[in-house]
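Breakdown of the fold
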Amino acid sequence: MGRPVDAGQMALSALLVWLAGAMLFGLYVIFVNGRLFLRVEKTAREPQEFERELLERSKRILNLKADIRLRISPLVRMPVLFGFLRPTLLLPAGLPDQINPHELKHIFLHELVHYRQRDFLVNGLMVFLKGIYWFDPLVWYAFYLMRQDIEMACDARVLSHLDPTERSHYGYTMIHLLQIAKPQGFPGGMGILGKPSRMKRRIIMISSFKKGSAMRVALGVALLMVLGVILLTRAPNSSAESLHTSQAQGANLKSAGADSGSGSGKDGHSALGVNTQNNVVSKQVPAAPNNGIRIQSIQGQTFKGEVMLIKDPKRVKAVMTNQPGVAGERITSFVKQTGALAGINAGGFNDPNGKGNGSFPEGLTVHDGKLVYNSAGKAVVHQVIGIDSQGKLIIAPMSADELVAKHIQEAVTFYGPTLIKNGTPVIEGDGGIGIAPRTGIGQTADGTIIFVVIDGRQPTWSWGATGRDLMNVFLEYHAINAVNLDGGSSTEMVYQGKVINHLWDIFGERRVPTAFVVMPQAGKAS
C-alpha cells in the first residue's frame, strides 16, 4: 500500500504556490506602474496653453473641480488615465497634432468621467482581486468583461453631456482614434480604446444612445460588477455588424466652425492674388455695396484667416461689456447691441477666479472720448491701442491723463507686441509668441483701418500664425502701423451678425470685455 496523503502538507504546498503567484503578480504590477511613472516624469512635456484651457473647460462641463495633471508622453500609445490614487491624464506625443479640438474635447470628457466616477479606484480593486485569484481564469475573464462595461458606462455619461448633434461625432472620434492610436494595456491605466472587436459594441451603443439611458447603463454595470465578483459569471455579448470607418473619417476631419462659409468660395470670391515675398494668398469676398467695408480671405503656409478693410477710421468704435467685473459679451452681441455692421475682439482681460467669463478689461478703455474703465489709476499703461479725434491709429504707452490730452476717442489695452511702427516692421525672428490664433488691427497711410483675424489650433484647417506671419499680412496690405490684439480662443470676426472666421473654441463664441466694432456711419455707437 502507498503512503497516506498528508492533507496538511498538501494544503501548505497549495498555500505556498498561491502566495508565490500572488507575490509575483504584485511585484509585476509595482514594477510596470513604477517604471512607467518614473519614465513619464522624466520624458513627458507640459501641455500647451490651449490644451490646458480645453481641459479646464471640459472640467466645467462635468462640474469637476479636482486638480488633474495633464502630460504629453511618448511612452503611451493612447489617451489614458494613469494611476490608482491620484491619476494623471496622459496623451500620446503627437496625438494633439492629428486631431481637431472637438476630438480632444471628447477624449478629455471621457477620461474626466472616469475620474469623476472614481473608476481608477475600481480598477485598483480589480487588479487587487486579480492578484488574489490569479489562478482562476474565470475571474480574469469576468474582470475583462467588466472593463468593457465600465467603458460603455463612461461613454453613456459623456453622451449625456453632449448635444444630440454632437453625439455621432463622439463615435467618429473613437473610430478615428482606432486609426491613429493603438490599444495599450497596463494594470494602472484606464485607457479610452479597446480591441477593435470590442469597440464595435461601444460604437453601436453610441449610435443608438438616448438621453436618460446613462443612469440605466451605470446601474447595469454596477450590478454586473457585483455579480461578476460574487458569482464569477457573465452573460455572453451579443454579436454586431461591423462598422465602416471610411464614412466617419471624412466627418471626423471637419474643422471647427466649418459652417460659417468663410473661405469656401461660395460668396463670389474673385481670382487669387499672391505676394511671393510674404507667401500670403488672398481672395476677395465682396461686401455689401457702398458700405465702405471690404473683406478678404487670406492663406499662408500655416494659416488661414480673414481681413477686413474699413475706409473711414472714424466708424471704428471701442465698446465694452455692460457688466464689467461680472460678465463679458460675445462679439455678435456687441455688434447687435450697438447696431454695428461688423466687429472683432479687442483688448486683453484678467480672469482672477478662473471663470473664463471675460469680465475684467485690462488697463484703460475709452469709448466716444470718455474713459469708461480704469484699472491702472494714474499709472502709465504699457500699451494702449486707440483712435484719436483725427481717425489716426495710436499705439503707445499712456496714462489716463494722457488719453485726454491726446484726444483719444476709442481705446483698449493689450500687452501684445507692436508689429509695424511708422512704416517700419519691428518684429524680430518669429516674434517669440508661438503659433496660435491671432487678431490684429492696423492702418494704412490713407487712414484705412485693417482688421485681421487668423484661425489656429485646427490641424485640418489652420495651425495659426507667428508674430512675423501677422506682421507680414499687414505689410501685404500696406499698413504703416499695426499691433497684435488678444488672440487664442478670443479670435473672432463678425460681419452682418455672423461669425465669418473659423472659431477654435469648440464651445462657441468666447465672452470678452471689449471689442472694436464698425458702425454704419461715423458717430456715436448706441
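Before going further, it helps to examine the overall build of the protein. Broken down by element type, the protein carries 12 helices and 25 strands. Long-range contacts, defined as pairs at least 24 residues apart, comprise 71% of the intrachain contacts of the protein with a sequence gap of at least 6.

The 4 strands lie next to each other as β1-β3-β2-β4, forming an open sheet whose pairing is mixed. At either margin of the open sheet sits one strand with a lone partner, and together these are β1 (69–73) and β4 (189–191). Pairwise comparison of adjacent strand axes, ignoring direction, gives a mean angle of 25° for this sheet. Pairing geometry for β1 and strand β3 (residues 88–92), over 5 bridges, is parallel. Across the sheet, residue serine 73 finds its bridge partner in β3, namely proline 92.

Turning next to the sheet that holds strand β25 (residues 514–518). Read from one edge to the other, the open sheet built from 5 strands follows the order β9-β25-β10-β23-β24, with strand pairing classed as antiparallel. Edge positions in the sheet fall to β9 (316–320) and β24 (498–499), since each has one partner strand and no second. Bridging between strand β10 (residues 342–345) and strand β23 (residues 493–495) involves 3 bridges; their strand directions are antiparallel. Note on β23: the bridge partner recorded for glycine 343 is valine 494. In the packing of helix α10 (residues 331–338) onto the sheet, the strands contacted are β9, β10, β23, β24 and β25, and the crossing angle to β25 comes to about 50°.

A side chain with one charge can pair with a side chain of the opposite charge if their charged atoms come near. Taken as a whole, this structure holds 11 salt bridges when the rule is applied. Across the pair glutamate 53 and arginine 510 runs a salt bridge whose closest N-O atoms are separated by 3.8 Å. Taken together, the residues glutamate 53 in helix α2 (residues 49–61) and arginine 510 in the loop between β24 and β25 connect sequence positions 457 residues apart. Residue glutamate 56 is joined to lysine 59 by a salt bridge in which the shortest nitrogen-to-oxygen separation is 3.3 Å. Of this pair, glutamate 56 and lysine 59 are both found in helix α2, 3 residues apart, which corresponds to roughly one turn of the helix. Here lysine 59 falls in the buried class, since its relative accessible area comes to 7%. Because the salt bridges share partners, they merge into one network encompassing Glu53, Arg57 and Arg510.

Here we come to the packing of helix α3 (residues 101–116) against helix α5 (residues 137–160). At their nearest, the axes of α3 and α5 sit 9 Å apart, and the two run at 115° to each other. Between α3 and α5, the angle is such that the two are roughly perpendicular. As for the relative orientation of α3 and α5, their crossing is right-handed in sense. Residues Leu109, His110, Val113 and His114 of α3 pack against Ile150, Glu151, Cys154, Asp155, Arg157 and Val158 of α5. Each residue belonging to the contact of α3 with α5 can be placed in one class, and the counts come to 5 nonpolar, 2 polar and 3 charged.

Mean pLDDT over the protein works out to 81, with 81% of the residues at or above the 70 mark. The model gives residues 226–278 a pLDDT under 50, and that stretch makes 92 contacts with residues more than four places away or in other chains.

Bringing unusual backbone geometry into the picture now. For aspartate 368, which is not glycine, the phi torsion reads 50° and is therefore positive. A positive phi angle, near 50°, is found at asparagine 422, a position not held by glycine. On the secondary structure map, asparagine 422 appears in the loop between β18 (418–421) and β19 (424–425). For asparagine 422, a relative accessible area of 60% translates into the label exposed.

Turning to the environment of valine 404, a few remarks are in order. In this fold, valine 404 is placed in helix α11 (residues 400–405). Relative accessible area serves as the criterion here: at 62%, valine 404 is assigned to the exposed category. As a C-alpha pair, valine 404 and valine 366 span 38 residues in sequence and 9.8 Å in three-dimensional space.

Okay, the layout of surface pockets next. Taken as a whole, the largest pocket encloses approximately 920 Å³ of empty space. Forming the walls of the largest pocket are 47 residues, and the residues nearest its centre are Glu49, Phe50, Glu53, Arg457 and Gly488. Counting residues per element, the ones that place at least two in the lining of the largest pocket are α2, α3, β11 (349–350) and β22 (479–485). If one sorts the elements of the lining of the largest pocket by residue count, α2 sits on top with 8 residues. Here the residues of the lining of the largest pocket are counted per class, giving 19 nonpolar, 13 polar and 15 charged.

Judged by how many residues are buried, strand β15 (residues 381–388) sits mostly within the fold: 7 of 8 residues are covered. The pairing of β15 with strand β16 (residues 393–398) spans 5 bridges and is classified as antiparallel. Each residue of the ladder has a partner; that of valine 381, found in β16, is methionine 398. Where β15 folds back on β16, the antiparallel hairpin that results is connected by 4 residues, among which glycine 391 adopts a positive phi of roughly 85°. Bridge count between β15 and strand β17 (residues 408–413): 5 bridges; the pairing is antiparallel. Note that in β17 the partner of glycine 386 across the bridge is alanine 411.

Before going further, it helps to spend a moment on the nonpolar core. Membership of the largest hydrophobic core comes to 49 residues, with the highest contact counts inside it found for Leu89, Leu91 and Phe108. Listing elements by their share of this core, those giving two or more residues are α2, β1, β3, α3, α4 (119–132), α5, α6 (164–180) and α7 (196–207). Element by element, the count of residues in this core is highest for α5, at 10 residues. The residues contacting leucine 89, other than those within four sequence positions of it, are Leu55, Ile68, Arg69, Leu70, Arg71, Val80, Leu81, Phe108 and Glu111.

Criteria and cut-off values
Residues numbered from 1 in each chain as written. Predicted model: local features only at pLDDT ≥ 70, side-chain atom pairs only at ≥ 80, totals over all residues. Heavy atoms only, no water. Helix = DSSP H or I, 4+ residues; strand = E, 2+ residues; numbered from the N terminus. Contact = heavy atoms within 4.5 Å. Pairing = 2+ DSSP bridges. Axes fitted to C-alpha atoms, helices over the stretch in contact; angles between N-to-C directions. Salt bridge = Lys/Arg side-chain N within 4 Å of Asp/Glu carboxyl O. Buried < 20%, exposed > 50% of the residue type's maximum accessible area, 1.4 Å probe, protein only. Parallel < 35°, antiparallel > 145°, perpendicular 65-115°, else oblique. Left-handed = near helix turned anticlockwise from the far one by under 90°. Nonpolar A, V, L, I, M, F, W, Y, C, P; charged D, E, K, R; others polar. pLDDT = per-residue confidence, 0-100. 1 Å grid on protein atoms, 1.4 Å probe; cavity = no way out; pocket = protein on both sides within 12 Å on 5 of 7 lines; lining within 4 Å. Points joined across faces, edges and corners; volume = space filled by probe spheres on them. Core = buried A, V, L, I, M, F, W, Y, C linked by side-chain atoms within 4.5 Å.

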